[in-house]
Amino acid sequence: MNLPAKSDYDYSAIDNPQLVAVLQGYADKIRTSVKKTFDGAVEMSRSVRDVRNLFRESSVSDQEFRRWISFCCGISPSQAYICCTTADLLDEFPGYDEYFNISSLRTLGSLTTRRLPGINEEIQRSLDRKQKIDHKEAKEIISRAKKTVKWPPAVCNEAQQLVLSDIGRFDYDQDLISQLGEYDDEVQVDLCRSVLRDMQTFEQAIATGEVPFTTPEEACRTENQRIEDACRALMRIFNKTVPQSVLLDNQTIESARGAIRNAQETLKMAKGKVCPRCDGLDDSCKACEGIGRVTAMRHSQLKLR
Ligand SMILES: [Zn+2]
């Protein structure tokens, strides 16, 4: 990578020659650091990928590779796989390393993005414009590539969106996608959802055309988990998005957090247990109205009776 381009910053706004000289010195220093960080990331990605290939060529299991990389290099296996796909991406565009930055490499190098049909054509299109690909451009490339995906006419729009939402999970395969189109729209959506929820692989979903039966306990666990996730998301969004404003004092923030904690507690009261009357198996059960699960409070009431 070359040094990041100097753009024409107009130093005339700073009426202090000494300060300008110091700033110019810092600009060079920081640009050099940015370059070093980027070069380091690229080199690391290639080395990690080389090691993974060595493991494969020597028929040592992927599991051993994951252990090795975390024990010996302190890199998590998921990070390691991103390194591998990033290195593959760079190899597809030889001589263009300098056109990416760390963030766009990570975005375009993820497995999900690598599997998006048409992604390389869109990347090439940006590169042909001699344009640096930053995070924003990477996002645009992905959204343009999604639009170029060819769908068999029978695949309904909702199923298309679900597949695009996590294309890596579907191991995008034109054949399987065509077969998906042979099911009714509603079934297509159910099948895609079951793949996204890790209930089965896309291949299994297409082969059976059915969503696997979940036990009442599993259904209950899944739903409780989603309630927990929602509660955590509430606080996370609050912490992440509330601005640091002079008008927002600590007391206001803390009292808003208290209200969110109350909301979390209220939501958590809706967490379920399998209906003790029908064990979650009777569609016409009056105690749970056929849902198969009840809230913890209702559960203890039913137990008492
Ligand atoms: Zn019941």
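Cut-off values and rules
- Residues numbered from 1 in each chain as written.
- Predicted model: local features only at pLDDT ≥ 70, side-chain atom pairs only at ≥ 80, totals over all residues.
- Helix = DSSP H or I, 4+ residues; strand = E, 2+ residues; numbered from the N terminus.
- Rg over C-alpha atoms; globule rule 2.2 N^0.38 Å.
- Buried ≥ 20, exposed ≤ 12 C-beta atoms within 10 Å, placed from the backbone.
- Contact = placed C-beta atoms within 7 Å.
- Domains from an automatic or database assignment.
- Core = buried A, V, L, I, M, F, W, Y, C linked by C-beta atoms within 7 Å.
- Expected span 1.5 Å × (residues − 1).

Chemist: Account for the overall build of the chain, naming residues and giving values.
Modeler: Tallying secondary structure elements over the chain gives 15 helices and 2 strands in all. Against the globule reference of 19 Å for 305 residues, the chain gives a C-alpha radius of gyration of 26 Å, more extended than a compact globule. The dimensions of the chain, computed from C-alpha atoms along their principal axes, are 85 × 60 × 45 Å. Buried positions account for 20% of the 305 residues belonging to the chain. Long-range pairs, those at least 24 residues apart, make up 63% of the contacts in the chain between residues at least 6 apart in sequence.

Chemist: I'd like a rundown of the domain arrangement of the chain, residues and numbers included.
Modeler: Segmentation of the chain into domains returns domain 1 (11-148), domain 2 (157-208) and domain 3 (216-304). Measuring from the centre of the C-alpha atoms in domain 2 to the corresponding centre in domain 3 gives 29 Å.

Chemist: Got a sec to walk through unusual backbone geometry? Specific residues and values, please.
Modeler: Backbone geometry at Ser59 places phi at a positive 55 degrees, although glycine is not the residue there. Looking at the element boundaries, Ser59 is found in the loop between helix 1 (17-57) and helix 2 (62-73). Residue class for Ser59 comes out exposed when judged on the 6 C-beta atoms lying within 10 Å of it. The backbone phi angle of Glu289 is positive, close to 55 degrees, even though this residue is not glycine.

Chemist: Tell me about the nonpolar core, and please be specific about residues and values.
Modeler: Among the nonpolar cores identified, the biggest contains 28 residues, and Ala159 and Leu180 are the most heavily contacted of them. Only helix 4 (102-109), helix 6 (119-128), helix 7 (135-148), helix 8 (157-165), helix 9 (167-170), helix 10 (174-180), helix 11 (185-196) and helix 12 (202-208) provide two or more residues apiece to this core. Of the residues forming this core, the biggest block, 4 residues, is contributed by helix 7. In this structure, this core is formed jointly by two domains, domain 1 (11-148) and domain 2 (157-208), each of which donates at least three residues. Ignoring sequence-local partners within four residues, the contact set of Ala159 consists of Leu180, Gln188, Val189 and Cys192.

Chemist: I'd love a proper account of helix 1, names of residues and values included.
Modeler: Under the 1.5 Å per step criterion, the end-to-end length of helix 1 is 60 Å for 41 residues, consistent within 8% with the ideal 60 Å. Within the sequence span of helix 1, burial applies to Val42, Ser45, Val48, Arg49 and Arg52. Buried residues along helix 1 sit against helix 2 and helix 3 (77-92). Where helix 1 ends, the next residue or the one after it, Ser59, has phi of about 55 degrees, a positive value.

Chemist: Account for the environment of Pro152, naming residues and giving values.
Modeler: Note that Pro152 resides in the loop between helix 7 and helix 8. Along the backbone, Pro152 and Ser178 are 26 residues apart, and their C-alpha atoms lie at a distance of 5.9 Å. Beyond its immediate sequence surroundings of up to four residues, Pro152 is in contact with Ile177, Ser178 and Gly181.

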